[in-house]
Amino acid sequence: MSFFVDVPKGTLAEAYSKFKSNKLNNIADGGYAYALINYRNMENNIKAGREGKCYCQKCGDTKFLPHITLEADRYYFGVEICKCINADVVKQSFLYSGLANEAENKTFATYIADNEFTQTIKNRAKDYLDYIKANKTPWFYIGGQTGAGKSHICIAIANRFIQNNYKLIYMRWVDVIRQIKSDLGNNDYIKKVKEIQVLYIDDMFKGSVSEYDITLAFEIINYRDSNGLITIISSEMLPEALQRIDSALYYRILANTGEKFMISISPDVNKNYRIKCS
């Protein structure tokens, strides 16, 4: 996409000549002068970028690429959006999601799949993303053994969503429940997580589970189920334990994950990578 200012040939030719010779202050037409001042500033930043002083060597972190073209008897002052702006949008999306501090170290590349069960989990996660690419909206649930990389694989999935311009919120269950319980009159956050395009609930039902926890979880899950909104869930709770706590909640999740994307990691201390790495 480009934005152009159309000016007569003679006017801009004179202005641009003075602009190049750094005599911009002598230009009578303030409108063209303003445009060219910005143009010169962008050129200076681009030069800094090429010297390695900026993140983007193409635009010098301005997010724009200036250019002047001649067509027939008119000059066009143009500004084209640099492709690096996409990276900036992604960065802001990570900040919005709440995953900015986690995302860099928890990717598919850093997920260690050194045995059959971890390779199966990694393959299922990649298959899940393929389903999304096919315009399907399944959910992903992984529950069971603590320290087995459940959050890691879910954050790797969340990473891909954000990089593909999905709006996502990371909801760490314990922290959020504590916050909501301390301010029961404030429903803004609950509304936000119910309606966000993609929601990742981390460690759902960790610790003791109260009736309020179940009610809140059902409110969020039921809304997202009814509105076809993508949901990713990790939990220390195996699916069968979730079913015992609240069957209605369990079946709504299962209806969206199917058997393939409801992953169960049976208790096994050998699957606890936190212990292995300590």
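Residues numbered from 1 in each chain as written. Predicted model: local features only at pLDDT ≥ 70, side-chain atom pairs only at ≥ 80, totals over all residues. Heavy atoms only, no water.

## Some details on the overall build of the protein chain
Right, so step 1: Looking only at helices and strands, the protein chain features eleven helices and eight strands.
Right, so step 2: Sorting the 278 residues of the protein chain into buried and exposed places 42% on the buried side.
Right, so step 3: Sequence separation of at least 24 residues holds for 70% of the intrachain contacts in the protein chain that already meet a minimum separation of 6.
Right, so step 4: Summed over its atoms, the accessible surface of the protein chain is roughly 15,100 Å², and 49% of this surface lies on carbon and sulfur atoms. (Helix = DSSP H or I, 4+ residues; strand = E, 2+ residues; numbered from the N terminus. Buried < 20%, exposed > 50% of the residue type's maximum accessible area, 1.4 Å probe, protein only. Contact = heavy atoms within 4.5 Å. Areas by Shrake-Rupley, 256 points an atom, 1.4 Å probe, with all protein chains shown as cover.)

## Things to note about the sheet that holds strand β8 (residues 262–265)
What holds strands together in a sheet is hydrogen bonding between their backbones, with the strands either parallel or antiparallel.
Right, so step 1: Strand order in this open sheet of five strands is β5-β6-β7-β4-β8, and the pairing throughout is parallel. Looking at the sheet topology across the chains shown, the edges are occupied by β5 (168–172) and β8. Neighbour to neighbour, the strand axes of the sheet diverge by 10° on average, direction disregarded.
Right, so step 2: The pairing of β5 with strand β6 (residues 198–202) spans five bridges and is classified as parallel. (Pairing = 2+ DSSP bridges. Axes fitted to C-alpha atoms, helices over the stretch in contact; angles between N-to-C directions.)

## Quick notes on the nonpolar core
Nonpolar side chains in soluble globular proteins tend to end up buried together.
Right, so step 1: Counting 29 residues, the largest nonpolar core has M204, F205, L242 and I253 as its most contacted members.
Right, so step 2: Within the residue set of this core, elements represented by two or more residues are β5, α6 (173–181), α7 (188–195), β6, α8 (211–226), α9 (239–245) and α10 (247–257).
Right, so step 3: Leaving out residues up to four positions away in the same chain, F205 has contacts with W173, D213, I214, A217, M237, L242 and L249.
Right, so step 4: Judged by nonpolar contacts, the second largest core, of 28 residues, contains L129, A156, I157 and V198. (Core = buried A, V, L, I, M, F, W, Y, C linked by side-chain atoms within 4.5 Å.)

## Structural notes on helix α4 (residues 116–133)
Right, so step 1: Between its terminal C-alpha atoms α4 stretches 26 Å, which fits the 26 Å expected from 18 residues at 1.5 Å a residue.
Right, so step 2: Within α4 the residues assigned to the buried category are F117, T118, I121, K122, A125, Y128, L129 and I132. Along the axis of α4, the buried positions cluster into a sector of 145°, meaning they face one direction only. Among the exposed residues of α4, those pointing more than 90 degrees away from its buried face are E116 and K133.
Right, so step 3: A distance of 3.3 Å separates the backbone nitrogen of F117 from a side-chain oxygen at the start of α4, and that oxygen is part of N115.
Right, so step 4: Phi turns positive, to about 65°, at N135, one or two residues after α4. (Expected span 1.5 Å × (residues − 1). Arc of directions from axis to C-beta. Polar contact = N/O pair within 3.5 Å; in protein donor to acceptor, adjacent residues only side chain to side chain.)

## Structural notes on the pairing of β6
Right, so step 1: Most of β6 sits out of view: five of its five residues are buried.
Right, so step 2: Residues V198, Y200 and D202 line one face of β6 and the alternating positions L199 and I201 line the opposite face, and both faces are buried.
Right, so step 3: As defined by bridge partners, β6 adjoins strand β7 (residues 230–235) across four bridges and the pair is classed as parallel. What sits directly across from Y200, in β7, is I232.

## A short note on the confidence of the model for the protein chain
Atom-level detail of predicted coordinates should not be read off regions where pLDDT is low.
Right, so step 1: Looking at the protein chain, the pLDDT average stands at 75 and 58% of residues meet or exceed 70.
Right, so step 2: The low-confidence segment residues 1–10 (pLDDT under 50) makes 29 contacts with residues lying over four places distant or belonging to another chain.
Right, so step 3: For residues 22–34, every residue scores under 50 in pLDDT, and the model assigns this stretch 16 contacts once sequence neighbours within four places are set aside. (pLDDT = per-residue confidence, 0-100.)

## With respect to the pairing of β7
Right, so step 1: Within β7, six of the six residues are buried, which leaves the element mostly enclosed by the surrounding structure.
Right, so step 2: Judged by which residues are buried, β7 turns out to be covered on both faces: I230, I232 and S234 on one side and T231, I233 and S235 on the other are all buried.
Right, so step 3: Both strand β4 (residues 140–144) and β7 contribute to a ladder of four bridges, which runs parallel. Residue pairing across strands places Y141 opposite I233, the latter belonging to β7.
Right, so step 4: A crossover connection joins β6 to the parallel β7 through α8; in handedness this β-α-β unit is right-handed. (Right-handed = clockwise from strand over helix to strand, strands pointing away.)

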